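A closer look at the structure
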Amino acid sequence: MKDEGRLVIWPASIDRSKSRNEGRIISRKSSVKEPSLEEMEKAAASLDLNPEVQKDKAYPRSWWEKSGRIMVDKNESRTTTARQISKTIKKYRQG
């Protein structure tokens, strides 16, 4: 059953090393290299998106890898939310 008002963001959605075909949904310029679930959770929490981490989930296009995912509140479109999370991760990585 899908959670109403929630978005699923996979690490592959904002991973610079992935192609669009492999699941990246934002531009390479906006994306980050190899985002971790912890970074994504911290970024989503700082954006007040109420993140819920699901570590045992596998991205459908790479079903053999248990990369996990986060579910966040739907305030904006999926792409806009992914860009915001990616931008926040970049800020944390810069120090």
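Keep in mind that what you see is a predicted model, and the values were worked out from it rather than measured.

1. Some words on the side chain of R24
- Position of R24 among the secondary structure elements: in the loop between β1 (6–9) and α1 (37–46).
- Buried and unpaired, R24 has no salt bridge, with E22 as the nearest side chain of opposite charge at 7.4 Å.
- Apart from residues no more than four positions distant in its own chain, R24 is found in contact with A12, S13, D15, R16, K18, S19 and S31.

2. Quick look at the sheet that holds strand β3 (residues 69–73)
- The strand order β1-β3-β2 describes an open sheet built from 3 strands, whose pairing is antiparallel. Because the sheet does not close on itself, it has two edges, and the strands there are β1 and β2 (52–54). The average angle at which neighbouring strand axes cross in this sheet is 25 degrees, direction not considered.
- As judged from the 4 bridges shared by β1 and β3, these two strands associate in the antiparallel manner.

3. What to know about the pairing of β3
- In terms of burial, β3 is largely enclosed, as 4 of its 5 residues are buried.
- Strand direction decides the pairing type here: β2 and β3, joined by 3 bridges, are antiparallel. For E52, the partnering residue across the bridge sits in β3 and is M71.

4. Considerations on the environment of I9
- Tracing the backbone shows I9 in strand β1.
- A relative accessible area of 0% means that I9 is categorised as buried.
- Between the C-alpha atoms of I9 and E34, which are 25 residues apart in sequence, the distance is 14 Å.
- Once you skip the residues sitting within four places of it in the chain, I9 turns out to touch M40, R69, I70, V72, R78, A82 and I85.

5. Comments concerning the pattern of salt bridges
- Within this structure, the stated rule accounts for 4 salt bridges.
- Here E38 and K55 are joined by a salt bridge, their closest N and O atoms 3.9 Å apart. Placement of E38 in helix α1 and of K55 in the loop between β2 and β3 is noted, with a sequence separation of 17 residues between them.
- Note on K55: relative accessible area 57%, which makes it exposed.
- A salt bridge links E39 to R93, with the shortest nitrogen-to-oxygen separation between them at 2.8 Å. Note that E39 is positioned in helix α1 and R93 in helix α2 (residues 78–94), a separation of 54 residues in sequence.
- The exposure class assigned to E39 is partly exposed, which follows from its relative accessible area of 23%.
- Through salt bridges with shared partners, a single ionic network connects R6, E52 and D73.

Calculation criteria
- Residues numbered from 1 in each chain as written.
- Predicted model: local features only at pLDDT ≥ 70, side-chain atom pairs only at ≥ 80, totals over all residues.
- Heavy atoms only, no water.
- Helix = DSSP H or I, 4+ residues; strand = E, 2+ residues; numbered from the N terminus.
- Buried < 20%, exposed > 50% of the residue type's maximum accessible area, 1.4 Å probe, protein only.
- Lys, Arg positive; Asp, Glu negative; His and termini not counted.
- Salt bridge = Lys/Arg side-chain N within 4 Å of Asp/Glu carboxyl O.
- Contact = heavy atoms within 4.5 Å.
- Pairing = 2+ DSSP bridges.
- Axes fitted to C-alpha atoms, helices over the stretch in contact; angles between N-to-C directions.

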